[in-house]
Amino acid sequence: MKNRSIKKVAIIGSGIMGSGIACHFANIGVEVLLLDIVPRELTAAEKAKGLTLTDAVVRNRIVNESLKASLKSKPSPIYSQRFASRITTGNLEDDLAKIADVDWVMEVVVERLDIKQKVFEQVEKYRKPGTLITSNTSGIPIHFMSKDRSEDFQQHFCGTHFFNPARYLKLFEIIPGPKTKPEVIDFLYGYGEKFLGKTSVIAKDTPAFIGNRIGIFSIMSLFHAVKDLGLTIEEVDKLTGPVIGRPKSATFRTVDVVGLDTLVHVANGIHENCKNDEQLPLFEIPDFIEHMIKNKWLGSKTGQGFYKKNVDDKGQKEILSLDLETLEYRSAKKAKFDTLELTKTIDKVVDRFKVLVKGKDKAGDFYRKTFAALFAYVSHRIPEISDDLYKIDDAMKAGFGWEHGPFQIWDAIGVTEGINIMQAEGFAPATWVDEMIKSGHTTFYSVKEGATFAYDIPSKKHVKVPGQDSFIILDNIRKTSEVFKNAGVVIEDLGDGILNVEFQSKMNTIGGDVLAGLNKAIDLAEQNFQGLVIGNQAANFSVGANIGMIFMMAAEQEYDELNMAIKYFQDTMMRMRYSSIPTVSAPHGMALGGGCELSLHADKVVAAAETYMGLVEFGVGVIPGGGGSKEMALRASDSFKKNDVELNILQEYFLTIAMAKVSTSAYEAFDLGLLQPGKDIVVVNKDRQIATAKAYAKLMAESGYTQPPKRQDIKVLGKQALGMFMVGTDAMEASHYISEHDHKIANKLAYVMAGGDLSEPTLVNEQYLLDLEREAFLSLCTERKTLERIQHMLTKGKPLRN
């Protein structure tokens, strides 16, 4: 079969899901044709302008307004607003013929079979043979939709189910139709992983497929159990959130965001179409949910659901909670359980499950009851919805944001112990689980030679999970590939002469142990290896320097020690820049403060698309002190050569720090000057990031990497720039836009980035700027207001403006 490529796609349906999918294709560089229906009536505004139903602006109103609303939504569906230019809009009457020029047509219209069939009938008139044609249905049987279509249509047709929001949720379910060619499924699987950055899961054509079948069961099971256990919605959300590796929105807040009507629609579909499901009664809608539906308490879309925002007579905002007994809103209640207290010292979520199911309070009862039901249910869904247990885990992790899938949780508790809990709660596993144990396998998963293996039911043995060859999973190699370890880092041998430094501190903060680990890694790499990657697979790359350590030194007035600590940070960053081996940083999630500074000093950055990068030190009352202020002055100087308006360029880099700007994606980090075109790259699939970073480190080494000479040519503007900055900061304080302390911080930053009060523009070296940076940082640490800000950040977790 000839190579297939996707240059242009057509998305039919511009609602929340359709526009979101269109934006994500635009994110990865694909041209998009977004189509929707033609309005049948004029709006009052259109009538006032004298427009008619034949005007193009009217005919494309629905699609344009939908896309505009999507682009304005938070969180943003698009990596950078400039990518929106890759989307062309149109309508189904005037522009459907344009689908003849696309490589993939995707239907994302309302979930009604008759409407979808009409769309496909029209699509077939213009679609060229061989073009991919898919539906984003969340549960309508695929075989119904392609009925009566041509042979070529059916051979290239299947379901491709994105989860909302399409940019952020990684699940990409692929559901073959009766006649779908195997090569079409193979292509979509690979495209989803490599280009869309998704976890591709091939599902069977069963109601709700995999993700929603298990996810909705989990929620409906909880709905039926919550009143029996006498738990409040706050308590359930406390028990089903981050403590077990689930999103902060947990259960009830998530339902409010998704929409209760959407959940009920899917649950009813499963109840109507899965009559042989042994847990069918759990998909019946409880009375309190029926009451909410009747009153249109659907969640965020109607202003109230399980939670409700309320403003009292004094203008004070309060989040009210629904009392499930009285079905009236009340003030939120604090949720606290002794069982959860026992897990506070357990950092790894996977290690908490054994403790949680042994709890002696209502929390323990809750976990035993809900996990027992979940384990039994997922075991009985094989082979109905999937032949492979790992696909169920992949779907739940990628589609619902679970850190661990059901079978992984069961493994963490112990397979036999899980069965004991199930039996105590009146459940039983599927027979294949008993057969697995009898065959000598006591876990669902195992790790061999750095790869994950999962139990395969037909062969009754563990087989390698496919698709891992392009990934490096640090959890799988850490024990066997460890070269060095201290309290802050683990250094691993990635093979092919490349080392990796993996942070192990809380939130991956950068303190003395991490800096020592970085220096050790560079030493080892220079002696016996070829290159170094700095990367990890935690939720965030690094939230910055250890401000607790800074606070203690500043509060105790140990300024010599603090000066040494900051210089050690700066010196380590300079070693990253000037070593004899290539250094590659692999940031993802939050890369803030010191985490950002580290990436600024690497030879290359391989950033995950979802990287939120920024120099945010202003929030705690200081300037970037680990080379960040110096580096932004250096990058401004490099930009002077491309543009004559030097003061304007310097001001842009100054504002990136002074306004504590944080990119909302890796692509936006280029706009902020934190990533550099031609040097740094972005990977959409975070699972590929470490392997990609390794490949670049190896390529740079094999291409003859040479240690760069230290920079002596940084142009600073001196008093000319300093005067401009100070006039601006004076005006900002006078207008009450910034506080007195903000004014002081801004002037300190201005002094550094101007290169001091030099009488004329001058060329300086990096150490000159680093010394200015460190002096400014230390002077700010003597300020009472700075200590108050740091203390507030440590106790409240957010900046204080004073």
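Quick caveat: nothing in here was measured; it's all calculated off a predicted structure. (Residues numbered from 1 in each chain as written. Predicted model: local features only at pLDDT ≥ 70, side-chain atom pairs only at ≥ 80, totals over all residues. Heavy atoms only, no water.)

*Asks:* Can you break down the overall build of the chain residue by residue, with the values?
*Replies:* When helices and strands are counted, the chain shows 33 helices and 25 strands. Over its C-alpha trace the chain gives a radius of gyration of 28 Å, about what one expects of a compact globule, namely 28 Å for 802 residues. Summarising its shape, the C-alpha atoms of the chain cover approximately 80 × 70 × 65 Å along the three principal directions. Going through the 802 residues of the chain one by one, you find that 56% of them count as buried. Expressed as a percentage of contacts within the chain between residues at least 6 apart in sequence, the contacts between residues at least 24 apart total 69%. Surface exposure of the chain reaches about 34700 Å², of which carbon and sulfur atoms provide 52%. Within the chain, the 103 negative side-chain charges are centred at a point lying 2 Å from the centre of the 97 positive side-chain charges. (Helix = DSSP H or I, 4+ residues; strand = E, 2+ residues; numbered from the N terminus. Rg over C-alpha atoms; globule rule 2.2 N^0.38 Å. Buried < 20%, exposed > 50% of the residue type's maximum accessible area, 1.4 Å probe, protein only. Contact = heavy atoms within 4.5 Å. Areas by Shrake-Rupley, 256 points an atom, 1.4 Å probe, with all protein chains shown as cover. Lys, Arg positive; Asp, Glu negative; His and termini not counted. Charge placed at Lys NZ, Arg CZ, Asp CG, Glu CD.)

*Asks:* Quick rundown of the packing of aromatic side chains? Include the residues and the values.
*Replies:* In this structure the tally under the stated criterion is 33 aromatic pairs. Three or more aromatic residues joined by ring pairs make a cluster, and in this case those are Phe353, Phe366, Tyr367, Phe371, Phe375, Phe407, Trp410, Trp432, Phe444 and Tyr455. The ring of Phe453 is capped by Lys448, whose NZ or CZ atom sits 4.8 Å from the centre of that ring. (Phe/Tyr/Trp six-rings, centres within 6.5 Å; stacked < 30°, edge-to-face > 60°. Lys NZ or Arg CZ within 6 Å of the ring centre and 35° of its normal.)

*Asks:* Which residues make up helix H31 (residues 740-753), and what values do they have?
*Replies:* Between the first and last C-alpha of H31 there are 20 Å, a value that for 14 residues agrees with the 20 Å anticipated at 1.5 Å per step. Most of H31 is tucked away: 10 of the 14 residues are buried. Every buried residue belonging to H31 is among His741, Asp742, His743, Ile745, Ala746, Asn747, Leu749, Ala750, Val752 and Met753, and all of these are buried. For H31, the elements touching its buried residues are helix H26 (628-640), helix H27 (646-658), strand S24 (714-716), helix H30 (719-734), helix H32 (766-781) and helix H33 (784-796). Directly beyond the C-terminal end of H31, a positive phi value near 80° is found at Gly755. (Expected span 1.5 Å × (residues − 1).)

*Asks:* So what's going on with the pattern of salt bridges? Residues and values would help.
*Replies:* A full pass over the atoms with the stated rule returns 47 salt bridges. In this structure, the salt-bridge partner of Glu766 is Arg577, at a minimum N-O distance of 3.4 Å. Of this pair, Glu766 sits in helix H32 while Arg577 is found in helix H24 (residues 559-577), placing the two residues 189 residues apart along the sequence. Each member of the pair Glu766 and Arg577 is classed as buried. (Salt bridge = Lys/Arg side-chain N within 4 Å of Asp/Glu carboxyl O.)

*Asks:* Report on the environment of Val605, specifying residues and quantitative values.
*Replies:* On the secondary structure map, Val605 appears in strand S21 (residues 604-608). Taking relative accessible area as the criterion, Val605 reaches 1% and is therefore assigned buried. Val605 sits 151 residues away from Ala454 along the chain, and the two C-alpha atoms are 34 Å apart. Residues in contact with Val605, not counting those within four places in the same chain, are Ser585, Pro587, Ser599, Leu675, Asp680 and Ile681.

*Asks:* Hey, could you go over the nonpolar core for me, with residue numbers and the actual values?
*Replies:* Of all hydrophobic cores here, the largest spans 117 residues; its most connected members are Ile11, Phe25, Trp104 and Leu518. Not counting residues up to four positions away in its chain, the partners in contact with Leu518 are Val501, Phe503, Ile534, Thr572, Met573, Met576 and Leu598. (Core = buried A, V, L, I, M, F, W, Y, C linked by side-chain atoms within 4.5 Å.)

*Asks:* Could you give an account of the sheet that holds strand S10 (residues 317-322), naming the residues involved and the relevant values?
*Replies:* Taken together, the 3 strands give an open sheet; going across it, the order is S9-S10-S11, and neighbouring strands pair in antiparallel fashion. In the strand order of this sheet, the two ends are held by strand S9 (307-311) and strand S11 (329-331), each with one partner. Geometrically, the sheet is characterised by an average inter-axis angle of 45° between neighbouring strands, direction not taken into account. (Pairing = 2+ DSSP bridges. Axes fitted to C-alpha atoms, helices over the stretch in contact; angles between N-to-C directions.)

*Asks:* Which residues make up a negative patch on the surface, and what values do they have?
*Replies:* A cluster of acidic residues, Glu556, Glu558, Asp560 and Glu561, forms a negative patch on the protein surface. In this fold, Glu558 is placed in the loop between helix H23 (547-555) and H24. Classification of Glu558 as partly exposed rests on a relative accessible area of 34%. (Patch = residues over 30% accessible without salt bridge, like charges linked within 9 Å, V, L, I, M, F, W, Y side chains within 5 Å.)

*Asks:* Quick rundown of the sheet that holds strand S7 (residues 171-176)? Include the residues and the values.
*Replies:* Pairing within the open sheet is mixed, and its 8 strands lie in the order S3-S2-S1-S4-S5-S6-S7-S8. Each of the sheet's edge strands pairs with one partner strand only, and the pair in question is strand S3 (87-91) and strand S8 (199-202). If you compare each strand with its neighbour and ignore which way they point, the axes differ by 25° on average. Summarising the sheet, strand S2 (residues 31-36) and S3 pair through 5 bridges and their orientation is parallel. Bridging across to S3, Leu34 finds its partner in Thr89. Along the sheet, helix H5 (residues 113-126) contacts strand S1 (8-12), strand S4 (104-107), strand S5 (132-135) and strand S6 (157-162); its crossing angle with S5, the most-contacted strand, is approximately 170°.

*Asks:* How would you summarise the packing of helix H17 (residues 389-400) against helix H18 (residues 406-413) if you had to cite specific residues and measurements?
*Replies:* Packed helix pairs are specified by the crossing angle of their axes together with the interaxial distance, meaning the distance between the axes. At their nearest, the axes of H17 and H18 sit 7 Å apart, and the two run at 105° to each other. The pairing of H17 with H18 is recorded here as roughly perpendicular in orientation. Contacts from Leu389, Ile392, Asp393, Met396 and Lys397 in H17 reach Pro406, Phe407 and Gln408 in H18. (Parallel < 35°, antiparallel > 145°, perpendicular 65-115°, else oblique.)

*Asks:* A description of the pairing of strand S13 (residues 451-456) should follow, citing residues and the corresponding values.
*Replies:* Among the 6 residues that make up S13, 6 are buried, leaving the element largely enclosed by the rest of the structure. Looking at chain direction, strand S12 (residues 445-448) and S13 are connected through 4 bridges and run antiparallel. If you follow Val447 over to S13, its bridge partner there is Thr452. Counting the residues in the hairpin turn of S12 and S13 gives 2 residues, including Glu449, whose phi is positive at 50°. As judged from the 4 bridges shared by S13 and strand S14 (residues 461-464), these two strands associate in the antiparallel manner. Its bridge partner lying in S14, Asp456 is registered against Lys461. Between the end of S13 and the start of S14, which pair antiparallel, lie 4 residues, with Lys460 showing a positive phi angle near 55°.

*Asks:* Quick one: what's the story with the side chain of Thr786, residue by residue and with numbers?
*Replies:* By the secondary structure assignment, Thr786 is in helix H33. For Thr786, a relative accessible area of 0% puts it in the buried group. Engagement of the side chain of Thr786 in a polar contact is seen with the backbone oxygen of Gly621, the distance being 3.0 Å. In contact with Thr786, other than residues within four places in its own chain, are Val620, Gly621, Val622, His741, Leu780 and Cys781. (Polar contact = N/O pair within 3.5 Å; in protein donor to acceptor, adjacent residues only side chain to side chain.)

*Asks:* Hey, could you go over the environment of Ile244 for me, with residue numbers and the actual values?
*Replies:* Positionally, Ile244 belongs in the loop between helix H10 (233-239) and helix H11 (252-258). C-alpha separation for the pair Ile244 and Phe353, spaced 109 residues apart in sequence, amounts to 7.5 Å. Apart from residues no more than four positions distant in its own chain, Ile244 is found in contact with Leu239, Val349, Phe353, Leu356 and Tyr367.

*Asks:* How would you summarise unusual backbone geometry if you had to cite specific residues and measurements?
*Replies:* For the bond running from Lys74 to Pro75, omega is -5°, close enough to zero to count as cis. Here Pro75 shows up in the loop between helix H4 (61-72) and S3. Residue Pro165 is reached from Asn164 by a cis peptide bond, and omega for that bond is 0°. Among the structural elements, Pro165 can be located in the loop between S6 and S7. The phi dihedral of Phe209 falls on the positive side, at around 60°, and the residue is not glycine. Relative to the helices and strands, Phe209 is located in the loop between S8 and helix H9 (211-226). You will see that His736, though not glycine, has its phi angle at about 65°, which is positive. Classification of His736 as exposed rests on a relative accessible area of 71%.

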